[in-house]
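Spelled out from the first residue to the last, the chains are:
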Amino acid sequence: MGDVKEKQVTTLSDVTVRFAGDSGDGMQLTGTQFSDTTAWVGNDLSTLPDYPAEIRAPAGTLYGVSGFQLHFSSNDVNTPGDVPDVLVAMNPAALKKNLSELKPNGTIIVNTDSFDPKNLKLARYTANPLDDDTLNGYHVYQVPITSLTKNALEKSPLSPKEVSRCKNFFALGLMYWLYNRPLDKTEEWVQDKFKKKSDLVDANLKALKAGYNFGEITEVFTTRYKVEPAKLPKGIYRNISGNEALSLGFLTASVKSGIPLFLGSYPITPASEILQYISSYKDFGVKTVQAEDEIAGISSAIGAAFAGNLAITTTSGPGMALKTEAIGLAVMTELPLVIVDVQRGGPSTGLPTKTEQADLLQAVYGRNGEAPAAVIAARTPRDCFYMAIEASKLALKYMTPVILLTDGYIANGSEPWRIPAVDDIEDFPVTFQTEKEGFQPYSRDENYVRPWAIPGTIGLEHRIGGLEKANITGNVSYDPENHDEMVRIRTDKIKKIVNDIPNLKVEGDQEGELLVLGWGGTFGTLRDAVARARKNGIKVSQAHLQYINPLPKNTGDVLKRFKTILIPEINLGQLSKLIRNEFLIEVEQFNLVRGLPFKTKDILAKITEVSGGSNGK
Amino acid sequence: MANNTESNAKNYTAKDFTSDQDVRWCPGCGDYSILAQVQRTLPELIEKEKEKVVWVSGIGCSSRFPYYMDTYGFHGIHGRATAIATGVKVANPDLDVWVATGDGDLLSIGGNHFIHTCRRNVDIKILLFNNRIYGLTKGQYSPTSEKGKVTKTTPFGSVDWPFNPISLAIGSEATFIARTIDRTPKHLQQMIKRLGGHKGVAFLEIYQNCNIFNDGAFFSLTEKETKDDTVLILEHDKPMVFGKDGNMGIKLDGPKPMIVDLSSGAYSKDDLLVHDEFSEEPVLAMILAHITDDPKFPTPIGVFRQVKRESYDNGVEEQIKTVIEKRGEGDLEKTLFGANTWEVN
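These figures come from a predicted structure and were not determined experimentally.

About the cut-offs
- Residues numbered from 1 in each chain as written.
- Chains lettered and ligands numbered in written order.
- Predicted model: local features only at pLDDT ≥ 70, side-chain atom pairs only at ≥ 80, totals over all residues.
- Helix = DSSP H or I, 4+ residues; strand = E, 2+ residues; numbered from the N terminus.
- Rg over C-alpha atoms; globule rule 2.2 N^0.38 Å.
- Contact = placed C-beta atoms within 7 Å.
- Buried ≥ 20, exposed ≤ 12 C-beta atoms within 10 Å, placed from the backbone.
- Pairing = 2+ DSSP bridges.
- Core = buried A, V, L, I, M, F, W, Y, C linked by C-beta atoms within 7 Å.
- Domains from an automatic or database assignment.
- Nonpolar A, V, L, I, M, F, W, Y, C, P; charged D, E, K, R; others polar.
- Expected span 1.5 Å × (residues − 1).
- Axes fitted to C-alpha atoms, helices over the stretch in contact; angles between N-to-C directions.
- Parallel < 35°, antiparallel > 145°, perpendicular 65-115°, else oblique.
- Left-handed = near helix turned anticlockwise from the far one by under 90°.

This paragraph deals with the overall build of chain A. Scanning chain A from N- to C-terminus turns up 20 helices and 23 strands. Computed over the C-alpha atoms, the radius of gyration of chain A is 27 Å, within 12% of the 25 Å expected from 2.2 N^0.38 for a compact globule of 617 residues. With the C-alpha coordinates of chain A rotated into their principal frame, the extents come out at 90 × 65 × 45 Å. The contacts in chain A between residues at least 6 apart in sequence include a share of 76% that link residues at least 24 apart.

Below, the structure is given as structure tokens:
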């Protein structure tokens, strides 16, 4: 390798990469590092981590494959991409599992060292796909990643097993070279992460550079690629996942409301990270109780709400089911409480690490009795920040439980976020009842909201609980008229929230043939699909619900303005049911419940089908 | 702002803790005595700032208790009282948090929350009204009902082995564990005082007679003719003597407790077990808990065990202080903009 030939540089506007390997290969880490660097150099991006529920599934197996997909561009990015342009496959199983998803003519980088008889057999290959015609039509780069990593770390004092673990940094370095990314961010990260283990710092940095140099020096790669920075609005940015954005949102809500944050929670995939993030904000006086179970999580939060904190509980579907009775208690006691449900595939344990939107009806209706609660939903990772604040605001203002729905896809996925100035977020100070004169625990303001009188306040001693309360006095009451009145008051109180939420916005024509109506984490995909359909000449508009109970005031008007309403959901039609029920209109459904986010092409096909293929042409 | 600036009322009486709600337990229920003793005792424990007292309960007859107390109160859902109380206490450690609960509420549906509240040592006081029956649902056996008990759901006798609440509390590392009886008002008052004085989780089992569905469950412990022979009153540093004439005693034979007759001349008080409430080892408390289930032995009442350990709520506060000392008060601007940012111009 005497002379280094000048490599060709091709500029691309849009790339989707998928890293795939064993669940112990560090693919999530590799993907996250690549994302952070890519965000840092100014591309817009969206990510899709996809991993098995098993922490270390047996090595080499198909079900043990862990993947991380990343879509980055010099343009606006709304989705992690339908089909990868590039697949990095660390073993045969990763190749087998992901090959069918790869773009025709796509690029494959394989770790040839792992294509041994044992791994081929585990991946159910009868012949080595590197030797037969399996990969015809693809650009295949065969790189002995494991042995090159070993060579680079020849002098490392690490054990052979530890050395082998560094191979993901080699792959990362190679990808950095291929896409012209600097190593700085990852180098900083490695130095910080392993600061007490200098051998690991050395080894990982060496592997990273070896990968980079391999691209630079060898003749295997003749072209490298460049993706120019995206034209994003001015500001300071960070790359953020939904779970982290949500955690920061609650922290901000606590600062802006002026009351301490209390989180009672029990670890559950994919919501555990929220408890992890929030428990690190102790310098803000935040209190976190990792409870003995889901029920204790929400019950402790209800106790904290009674005592005057901004109380929240976080979970996923199975935990939501367990919290049901306690949500009813919060409805009855009319205490502010935010319940976050990071939806995953169900029912029961279902698909813990996969995404779904099938808890909507559970959130809206899933309680005994007439038990209305506000339900709102975040639509992108960064939107989780704003919706956490919104949920807190509504809970505090209306003295009610608010259910905030996110999902595994936006919780784990990340995108660049223009960080708002702290002063641009408005304060919403809380006023506790302190006036003794005329105090009644269940008196009402114009929004039917009762006063919040917290223990420790002189002269306001009172009792609340799950038994029906007499309106105004709050005493236990079995009176039939009172019960009927209270059932209606609790319902009307939630309806009043409509005055506090923004109208439903329509993107595109404000009236016409077809409206794609979505909610929650499908936003980016629907947006892309609608944009592409419009490019194809189809007349289609988009509206996306962030508020589901109550629905925005103008929802009915918006729906009336379109001939056809198409509602795509990752469930069997739960929003469709709500919309039909509320507005007595027919809607078109699109439902795919695969534990994965929608693909733009599937939505585009449905839009095309619904519009008869000739809409607007 | 009427009243808010007034200095706190002091020298409370039982009346200050009595709400305006009619008490709705069955006439003759043991709960009346417990309510009366609590209302009588609190003025001695709570010298000021009554507004800091919070009563939390779950579901069952006993759980109506908060409605009858003129303090802050929260009537929760079945089994969750200690979890709700944990939230109240952690959110505001300044509050004085009490739980009223029953054997079904605390030990059946709420068993998990109970053991975890004990191990965490949350600074709350738990009054277990143990009547060994489900009263509010009208007479099904409970997790403390004796094996063989005939109830509506066990017409042929219960085949369940019951919980021993004291040994459960010891096993869960509760830091204060005591027992008393509804019909021994003076002892009940003493125990409430001790409970209130403890910093950490304090558990008091109160044998409470349900005169409708399990009448007489504890009669042998409360009737004049029998109680001296059936009750062992635990007193710190005192030998364990019982019996009408104080002529019976408990002695250890190896690890096994045995009853000795002091009038036989073979044993003197010096041979007897001496109670040590503050023993770090749970062995003595466990032996005493277990003789409850043995019909040959008297039933101990009093403080089984009291040890010092940092309370959970205090730990939470201290940790926050430590982190703030180390990092300084949280700065939202810094936290939002802190990590891996870049600027787009």
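Another aspect to go through is the overall build of chain B. Scanning chain B from N- to C-terminus turns up 11 helices and 12 strands. Across its three principal axes, chain B shows a C-alpha extent of roughly 95 × 50 × 45 Å. For chain B, the residues scored as buried account for 45% of the 345 residues in total. Expressed as a percentage of contacts within chain B between residues at least 6 apart in sequence, the contacts between residues at least 24 apart total 65%.

Here we take up the sheet that holds strand E8 (residues 241-242) of chain B. All names here are of chain B. Spatial strand order, E8-E9-E10: 3 strands in an open sheet with antiparallel pairing. The outermost strands of the open sheet, each flanked by one partner alone, are E8 and strand E10 (256-261). Of the strand pairs in this sheet, E8 and strand E9 (residues 248-253) are connected by 2 bridges, and their pairing is antiparallel. Looking at E9, one finds that Val-241 is bridged to Gly-249.

All right, on to the nonpolar core then. Counting residues in each nonpolar core, the largest one holds 246 residues, and the members touching the most others are A:Ile302, A:Leu404, A:Ile607, B:Val88 and B:Phe203. The element contributing the most residues to this core is helix H14 (residues 383-398) of chain A, with 10 residues. In this structure B:Val88 touches A:Gly303, A:Ala304, A:Phe306, A:Ala307, B:Val54, B:Val56, B:Leu95 and B:Val97, once residues within four positions along its chain are discounted. Counting 8 residues, the second largest nonpolar core, distinct from the first, contains B:Trp25, B:Cys61, B:Ile133 and B:Cys210.

Taken residue by residue, the interface counts 61 residues in chain A and 55 residues in chain B. Within the residue set of the side of chain A that touches chain B, elements represented by two or more residues are helix H1 (27-40), strand E9 (235-241), helix H9 (242-257), strand E10 (261-265), strand E11 (287-290), helix H11 (294-306), helix H12 (317-333) and strand E17 (463-465) of chain A. For the side of chain A that touches chain B, the element with the most residues is H11(A), which contributes 9 residues. As paired strands, E9(A) and strand E12 (residues 341-344) of chain B are joined by 4 bridges and run antiparallel to one another. When the sheet's bridge partners are listed, A:Arg238 is paired in E12(B) with B:Thr341.

Another aspect to go through is the domain arrangement of chain A. Residue and element names in this part refer to chain A. Parsing chain A into structural domains produces domain 1 (8-227), domain 2 (238-424) and domain 3 (506-610). Distance between the C-alpha centres of domain 2 and domain 3: 26 Å. Taken together, the 22 residues of domain 2 in the interface contact 20 residues of domain 3. Of all the elements in the fold, those that place two or more residues in the side of domain 2 that touches domain 3 are helix H13 (360-365), strand E14 (374-377), strand E15 (401-407) and helix H15 (408-412). Sort the elements by how many residues they give to the side of domain 2 that touches domain 3 and E14 lands first, with 4 residues. Classifying every residue of the side of domain 2 that touches domain 3 gives 13 nonpolar, 5 polar and 4 charged.

The next thing to look at is helix H4 (residues 111-120) of chain B. Within the sequence span of H4(B), burial applies to B:His113, B:Phe114, B:Thr117, B:Cys118 and B:Arg120. Directly after H4(B), the chain includes B:Asn121, whose backbone phi takes a positive value near 60°.

If you trace the backbone, A:Gly297 turns up in helix H11. C-alpha separation for the pair A:Gly297 and A:Leu467, spaced 170 residues apart in sequence, amounts to 21 Å.

Next up on the list: H14(A). One turn of the α-helix equals 3.6 residues, which is why residues spaced by three or four share an orientation. Residues and elements named next belong to chain A. For H14, with 16 residues, the first-to-last C-alpha span of 22 Å sits near the 22 Å given by 1.5 Å per residue. H14 sits mainly inside the fold: 13 of its 16 residues count as buried. The first or second residue beyond H14 is Met-399, which carries a positive phi of 45°.

All names here are of chain B. Closest axis-to-axis distance for the helix H1 (residues 31-45)/helix H6 (residues 185-197) pair is 9 Å, and the angle between their directions is 50°. Considering the angle they form, H1 stands oblique to H6. For the pair H1 and H6, the crossing hand works out as right-handed. Note on element contacts: H6 touches H1 through Pro-185, Leu-188, Gln-189, Ile-192, Lys-193 and Gly-196, opposite Ser-33, Ile-34, Gln-37, Val-38, Arg-40, Thr-41, Glu-44 and Leu-45.

The mixed open sheet is built from 9 strands, whose spatial order is E17(A)-E2(B)-E1(B)-E3(B)-E4(B)-E6(B)-E5(B)-E11(B)-E7(B). Of all the strands in the sheet, the pair left with one neighbour each is E17 of chain A together with strand E7 (231-233) of chain B. Direction aside, neighbouring strands of the sheet carry axes that sit 20° apart on average. Here strand E4 (residues 124-130) of chain B runs beside strand E6 (residues 202-207) of chain B; their pairing, made up of 6 bridges, is parallel. When the bridges of E6(B) are listed, B:Phe129 appears paired with B:Ile206.

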